[in-house]
Amino acid sequence: MPVQMKGKILANKKINATDYKLVLSVPEIVEETNPGQFLHVKCGTGLEPLLRRPLSVHRYNDETGELVILYRVFGKGTEILAKRQSGEEIDVMGPIGNGFDLNNLKEKIMVLGGGIGAAPLMALIDELVGLEKEVTVLIGANQKEELFCQSRLEELPVNLKVATTDGSYGYPGYVTGLLAEELETSDYDQIFACGPTPMLIAMEPIIADKDIEVQLSLEERMGCGTGACLSCVCKVKVENEEGFEYKKVCTDGPVFKADEVILNG
Amino acid sequence: MDNINLNVELNGLELQNPIMTASGTFGFGEEYKDYVDLNRLGGVMVKGTTIKPKAGNPTPRIAETPGGVLNAIGLQNPGVDHFINVILPKIRDYNFKTIVNISGNTAEEYKELTTKLNEAEGVAALEVNISCPNVKKGGLAFGTEPKMAASVVEAVKENTDLPIITKLSPNVTDITEIAEAVEEAGTDIISLINTLIGMKIDIETQQPILANTIGGLSGPAIRPVAVRMVYQVAQSVDIPLIGMGGIMNSRDVIEFLLAGASAIAVGTANFINPGVTMEIIDELEEYLVENGYDSVQELVGLGHR
């Protein structure tokens, strides 16, 4: 069950040109957290910005009660968040959402992340490695400096492949290009993906005729984070007049099966 | 603080305290059960309900503005039958009063909604939404034309003994004209205000942010408008008012009470601080004790001179 609480900021540091690492002490939240869930964060203390910001959980530690969020500064909310200092209290709600469904883990697993969207996959990778699963990790970024946790991933027993759109490291191009290449040579049963919506859309034709269970973590402009306001919806296929109904990204998701969502409608 | 009386009685609608949650911001109540002791709320004005299920508008449905939120949800809801059969049984045992916000395209649809809800167990009152800015037909049109507003209220009134609340739109030249028309038509209570129509354009894409182009503005940015309208309507009608519009804390609640509202509803603030209603109830009680009041009703309308 999610809670609203005042967490303590243990660190809030810049890790590259645009991204920050926020470390919080939130034991009550960590107790309940699963990979793929998020916190709804009051970035400042006043009326600006008015709304909370949904920020994915990057990693968490059950023993210490610490939780890490990686975020990219690109708006008023994250700009204000970047100015918060360690030692301060911050109002957070969480953990929210369903996270990744790990009840039916398969043999050949791929974890795929693009840009800041790769951040929430770290907790999932930790979980899968802990379960001694064979995991291939594909991550993409604009440039080498923006690749998340490369050094940490290199230390883990995972098959790591990277892509940079400027070609500065690894596969030159989008991570979806790397995905297409990978699927030509290897078979997978299950893919967990998180990244910008265009990346998720670009995945569709690549995985379309393959027998792979694909789970996507979505993002949408969000209001309440409780499932009440119906702002952050996505289309899910159903048999009705319209052929779809809207589901809530915050509490029905943020993870959905690729074959149930309509991304580009 | 046991001797402080927070009860209010609004023309047939009795509440354990004057703090409610506004339609569209609190789902059907249970969405907030992890954050709020729902049993302490005076009332929950549930998500706008229509005859048939409504899918709602495409996204983006929400945009942030200085001190405000623009939304264009488009009345997404599961329809009145689902509400009565599935949702109502889950919420009717809470201590809060369930107030069902109803929306139709025609007076006939309002009548049909009323007839169905009149027979349902656990409905304390109906809130007649004649002011939704985000649907193409009905909604707002009913709320800006006094005769049409009255016709909807009459259609509801004729088909129920439940207290009727009529929710007014601020998007009119003279809100007292509409208020007087719905009072005349038999509404028991007036709630105000619904959202102000607004718009935001993304200067990067050079296009409106909301898929619906326009949306309803809520949040603290609209509070002065709401307070003014409550104050004006309080002077022009004799029925109780439920004030809403940008209430963020107990100070704002007191402002609405002074303006002439007998009860209030918290809306957008639930998104920002999900526990805000509990804080408000505690602080309101403290304020009354500190200032020597026995009952919250003593504050109502004190701002009029």
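Please read these numbers as outputs of a predicted model, since none were measured by experiment.

(A) Broad picture of the domain arrangement of chain A. All names here are of chain A. Looking at the assigned domains, one finds that chain A contains domain 1 (3-96) and domain 2 (108-219). One C-alpha centre belongs to domain 1, the other to domain 2; they are set 24 Å apart. With 14 residues of domain 1 at the interface, the matching set in domain 2 holds 14 residues. It is His58, Arg59 and Arg72 that lose the most area in domain 1 upon contact with domain 2, and together they represent 43% of the buried surface on that side. At the boundary of domain 1 and domain 2, one finds two salt bridges. Ionic pairing is found between arginine 59 and aspartate 126, a salt bridge with its closest N-O pair at 3.0 Å.

(B) Representation of the pairing of strand β15 (residues 241-244) of chain B. Residue and element names in this part refer to chain B. Side chains Leu241 and Gly243 project from β15 onto one buried face, and the interleaved Ile242 and Met244 project onto a second face that is buried too. The pairing of β15 with strand β16 (residues 263-266) spans three bridges and is parallel. Looking across to β16, one finds that glycine 243 is bridged to isoleucine 264.

(C) Fine view of a nonpolar patch on the surface. A contiguous nonpolar surface patch, about 330 Å² in accessible area, is contributed by B:Ile197, B:Met199, B:Ile201 and B:Ile214. The partly exposed category is assigned to B:Ile201, whose relative accessible area is 47%.

(D) Focus on helix α3 (residues 121-130) of chain A. All names here are of chain A. Within α3, seven of the ten residues are buried, which leaves the element mostly enclosed by the surrounding structure. Residues of α3 that are buried: Leu121, Met122, Ala123, Leu124, Ile125, Leu128 and Val129. In this structure, the buried side of α3 is in contact with β5 (59-61), β8 (109-114), β9 (135-141), α4 (150-155) and β12 (190-194). In the segment just after α3, glutamate 132 is the residue with positive phi, at about 60°.

(E) Up close: empty space enclosed by the protein. Under the definition given, this model contains two cavities of 30 Å³ or more. Roughly 510 Å³ of volume is contained in the largest cavity. Around the largest cavity, the lining comprises 36 residues; the ones closest to its centre are B:Ser23, B:Thr25, B:Asn71, B:Asn194 and B:Thr195. Among the secondary structure elements, those contributing two or more residues to the lining of the largest cavity are β6 (68-71), β16 and α8 (269-272) of chain B. Among the residues making up the lining of the largest cavity, the classes are represented as 16 nonpolar, 18 polar and two charged. The wall of the second largest cavity is formed by A:His58, A:Ala118, A:Leu121, A:Met122, A:Ile125, A:Val137, A:Ile139, A:Phe148, A:Cys149 and A:Leu153. The element contributing the most residues to the lining of the second largest cavity is α3(A), with three residues. Residues that form the lining of the second largest cavity fall into these classes: nine nonpolar, one polar and no charged.

(F) Spatial organisation of the interface of chain A and chain B. Contacts between the two partners involve 27 residues from chain A, matched on the other side by 35 residues from chain B. Contact with chain B buries area across many residues of chain A, yet A:Leu50, A:Arg221 and A:Tyr246 alone supply 24% of it, more than any other trio. Taken together, chain A and chain B are joined by one salt bridge. Two residues, A:Arg53 and B:Glu64, come together in a salt bridge whose shortest N-O distance is 2.6 Å. Here chain A and chain B share nine residue pairs in polar contact (both at pLDDT 80 or more) between them. Elements with a minimum of two residues in the side of chain A that touches chain B: β1 (3-14) and β7 (89-96) of chain A. Across the side of chain A that touches chain B, the residue classes tally to 16 nonpolar, five polar and six charged.

About the thresholds
- All residue numbers refer to positions counted from 1 along the written sequence of the respective chain.
- Written order determines the labels here, with chains lettered from A and ligands numbered from 1.
- Since the coordinates come from a predicted model, pLDDT governs what is reported: local features require at least 70, and pairs of side-chain atoms require 80 or more to be given and counted, while whole-chain, interface and lining totals use all residues.
- Hydrogens are left out, water is left out, and the side-chain values use all remaining heavy atoms of the structure.
- For the domain bounds, the source is a domain assignment made automatically or taken from a database.
- The contact definition used throughout considers only heavy atoms, calling two residues in contact when any of these lie within 4.5 Å.
- By definition, the buried area sums, over both parts, the 1.4 Å-probe accessible area that each loses when the two are put together.
- Here a salt bridge means any side-chain nitrogen of Lys or Arg lying within 4 Å of a carboxyl oxygen belonging to Asp or Glu.
- Type-normalised accessible area, obtained with a 1.4 Å probe on protein chains alone, sets the label of each residue: buried when under 20%, exposed when over 50%, and partly exposed for intermediate values.
- For the purposes of this entry, the term helix denotes a DSSP run of H or I that reaches at least four residues, the term strand denotes a run of E that reaches at least two, and both are numbered from the N terminus.
- Pairing between strands requires that DSSP locate at least two bridges from one strand to the other.
- Residues qualify for a patch when their relative accessible area is over 30% and they have no salt bridge, like charges being joined within 9 Å and the nonpolar side chains of Val, Leu, Ile, Met, Phe, Trp and Tyr within 5 Å.
- For the area figures, the Shrake-Rupley method with a 1.4 Å probe applies, and any residue is considered shielded solely by the protein chains shown.
- Cavity and pocket criteria rest on a 1 Å grid covering protein atoms alone: a 1.4 Å probe that fits but cannot get out defines a cavity, protein on both sides within 12 Å along at least 5 of 7 lines defines an open pocket, and an atom within 4 Å of a point defines a lining residue.
- Grid points are joined across faces, edges and corners, and a volume is the space filled by probe spheres set on the points.
- By the convention adopted, Pro, Cys, Tyr, Trp, Phe, Met, Ile, Leu, Val and Ala count as nonpolar, Lys, Arg, Asp and Glu as charged, and the other residues, Gly among them, as polar.
- In protein, a polar contact means a hydrogen-donor-capable atom and an acceptor-capable atom, both N or O and within 3.5 Å, with residues adjacent in sequence counting only if both atoms are side-chain atoms; elsewhere, any N or O pair within 3.5 Å suffices.

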